[in-house]
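# Notes for the structure review
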Amino acid sequence: MATFTKRKDGYLFQVRRNGVSQSRTFGTKLEGQVWANQLETDIISGRHGRVPDIPVADLLARYAREVSPTHRGQKWELNRLALIGRDPLAQVRLRLLDQKHIAEWRIRRLAGHENDQGKKVPGVSNASVNREWNLLSGVFTTAMNEWRLLERHPMKGVKRPPKGAERDRLPSDAEIERLRLVMGDHGRTIVSKVFVAFLFAIETGMRLGEIVGLDSAASVKGPVALLTKTKNGDDRKVPLSAEAQRLWKAHGPFGVTAQQIDIHFRKSRTKAGIVDLHFHDSRHLAVTRLAKKLDVLELARMIGHRNLKQLMTYYNPSAEDLADKLNNLKEAA
């Protein structure tokens, strides 16, 4: 039977049933009633007590050891799991974990907060929280279905941050030339190799990791690049333009790591006075250019998108481009 007492800091609810006795304080009476009703239901059904009294941090650590190493995005996952492990959410006991804790984590990630050392942790974008959301959801799903450590998914019913507008940034010809002046295109230094890789990305639409994965002469055979380290796990053959072939013949393999590309591109971008340009924006420009030459199915095959809706994230022709294409088709007919 559940009872409650009004206190200065909220409502103290107590549940005593079938030998089980638990109490918790809630800010509102409704929250306490929901908790008490669920606890009584679990006790009656025999489910209560199956969830171990361990912190969320233990789930994060186990996922990092057992699951993340099987994923291509292992490095990113490990970094994010460590970040979540420093959030107050990681110290919540599984037996107490509910939607309220997830909502509070979401608010902290979006708005920023002070950590336990009193240092300000800045907020992040909706897109970043949604990526972390997917990872955290995967941790809890594995804990439920495979490890049998949870009975209910704590994120179910909690509202995600809205996706927001898709990134719509294309490097201009002028910006590319400014980067060329800062970085060089001779391919004899690390910085110059990074710029050559950027040009190659614009020609091919390859992701950074795919370009880095072209680590031997056997990776490119004539007008085709053979990719074995793609994001979706499948092998892919990418046709190369004459300019892409020239860049590879002169400088490939590029001999730079993903970390070197990230560091030197950002530094060079700043030195060139360019704002808010990412290496990955090369893929956006590549798809926009290639869309003038290939139909949508050919484009999806070259870029490596199974879902045509995802391809629309990068497919970004202007209305003028589409009008020119329509007029050219009419003239050809």
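Throughout what follows, the structure given in this document is the object of discussion. (Residues numbered from 1 in each chain as written. Predicted model: local features only at pLDDT ≥ 70, side-chain atom pairs only at ≥ 80, totals over all residues. Heavy atoms only, no water.)

## Description of the sheet that holds strand E7 (residues 224-227)
Formally: Being paired, for any two strands, means DSSP has found at least two bridges between them. Helix and strand definitions here come from DSSP, where helices need a minimum of 4 consecutive H or I residues and strands a minimum of 2 consecutive E residues; each element is numbered from the N-terminal end.
What the three strands build is an open sheet, ordered E6-E7-E8; its pairing is antiparallel. On the outer flanks of this sheet lie strand E6 (220-221) and strand E8 (236-239), each paired with one strand and no other. As paired strands, E7 and E8 are joined by four bridges and run antiparallel to one another. Across the sheet, Ala-225 pairs through a bridge with Val-238, a residue of E8.

## Remarks on the pattern of salt bridges
Pairing is possible between side chains that carry opposite charge, provided their charged atoms lie close to one another. Keep this limit in mind: When a carboxyl oxygen of Asp or Glu lies within 4 Å of a side-chain nitrogen of Lys or Arg, that pair is called a salt bridge. Categorising residues by exposure relies on relative accessible area from a 1.4 Å probe, with only protein chains included: less than 20% of the type maximum marks a residue as buried, more than 50% marks it as exposed, and the intermediate range marks it as partly exposed.
Inspection of every chain in the model, using the stated rule, returns 14 salt bridges. Close ionic contact of Arg-7 with Asp-9 constitutes a salt bridge, the shortest N to O distance being 3.7 Å. Accessibility expressed as a relative area gives 37% for Arg-7, which makes it partly exposed. Ionic pairing is found between Arg-62 and Glu-66, a salt bridge with its closest N-O pair at 3.1 Å. Of the two residues, Arg-62 and Glu-66 both sit in helix H2 (residues 56-66), four residues apart, roughly one turn of that helix. According to the relative accessible area criterion, Arg-62 is partly exposed, its value standing at 26%. The network of salt bridges with shared partners includes Arg-80, Arg-109 and Glu-132.

## A closer look at the sheet that holds strand E2 (residues 10-17)
The line we're drawing: The axes used here are C-alpha line fits, helices contributing only the stretch in contact, and every angle between their N-to-C directions lies in the interval 0 to 180 degrees.
Taken in spatial order, the three strands make up an open sheet running E1-E2-E3, and their pairing is antiparallel. Strands with a single pairing partner mark the edges of an open sheet, and in this sheet they are strand E1 (2-7) and strand E3 (20-26). Across the sheet, the mean angle from the axis of one strand to that of its neighbour is 15°, orientation sign disregarded.

## A few points about the environment of Arg-246
Among the structural elements, Arg-246 can be located in helix H9 (residues 242-251). With 46 residues separating them along the chain, Arg-246 and Phe-200 place their C-alpha atoms 9.5 Å apart.

## A short note on the pairing of E1
Bridging between E1 and E2 involves six bridges; their strand directions are antiparallel. By the bridge assignment for E2, Thr-5 is matched with Leu-12. Taking the residues between adjacent antiparallel strands as the criterion, E1 and E2 are bridged by two residues.

## A word on the packing of H2 against helix H5 (residues 126-145)
For clarity, the cut-off: When describing relative orientation, an angle under 35 degrees is termed roughly parallel and one over 145 degrees roughly antiparallel, while 65 to 115 degrees is termed roughly perpendicular and anything else oblique. In what follows, residue pairs with any heavy atoms lying within 4.5 Å of each other are defined as contacts. Charged residues are taken to be Asp, Glu, Lys and Arg, nonpolar residues to be Ala, Val, Leu, Ile, Met, Phe, Trp, Tyr, Cys and Pro, and polar residues to be all remaining types, Gly included.
The N-to-C vectors of H2 and H5 enclose an angle of 95°; their axes lie 10 Å apart at closest approach. Considering the angle they form, H2 stands roughly perpendicular to H5. Contacts between H2 and H5 involve Val-56, Leu-59, Leu-60 and Tyr-63 on the former and, on the latter, Leu-135, Leu-136, Gly-138, Val-139, Phe-140, Thr-142 and Ala-143. Its residues assigned to classes, the contact of H2 with H5 comprises nine nonpolar, two polar and no charged.

## Description of the packing of aromatic side chains
Defined as follows: The pairing test for Phe, Tyr and Trp rings, Trp by its six-membered ring, is centres within 6.5 Å, and the orientation test on the planes gives stacked under 30 degrees, edge-to-face over 60, and tilted for anything in between. Sitting over a ring, as applied to charges here, requires NZ of Lys or CZ of Arg to be within 6 Å of the ring centre and within 35 degrees of the ring normal.
On inspection of all chains with the given rule, the structure shows eleven aromatic pairs. On the basis of an interplanar angle of 45° and a centroid distance of 5.5 Å, the ring pair of Phe-26 and Trp-35 is categorised as tilted. Here Phe-26 matches Trp-35 in class, with each residue buried. Geometrically, the ring pair formed by Phe-198 and Phe-265 is tilted, given 5.0 Å between the ring centres and 45° between the ring planes. Highlighted residues: Phe-198 in helix H7 (residues 190-204) and Phe-265 in helix H10 (residues 258-271), separated in sequence by 67 residues. Summarising the burial analysis for this pair, Phe-198 and Phe-265 share the class buried. In this structure an aromatic cluster arises from ring pairing among Phe-4, Tyr-11, Phe-13, Phe-26 and Trp-35. Here the basic side chain of Lys-6 rests over the ring of Tyr-11, its NZ or CZ set 5.2 Å away from the ring centre.

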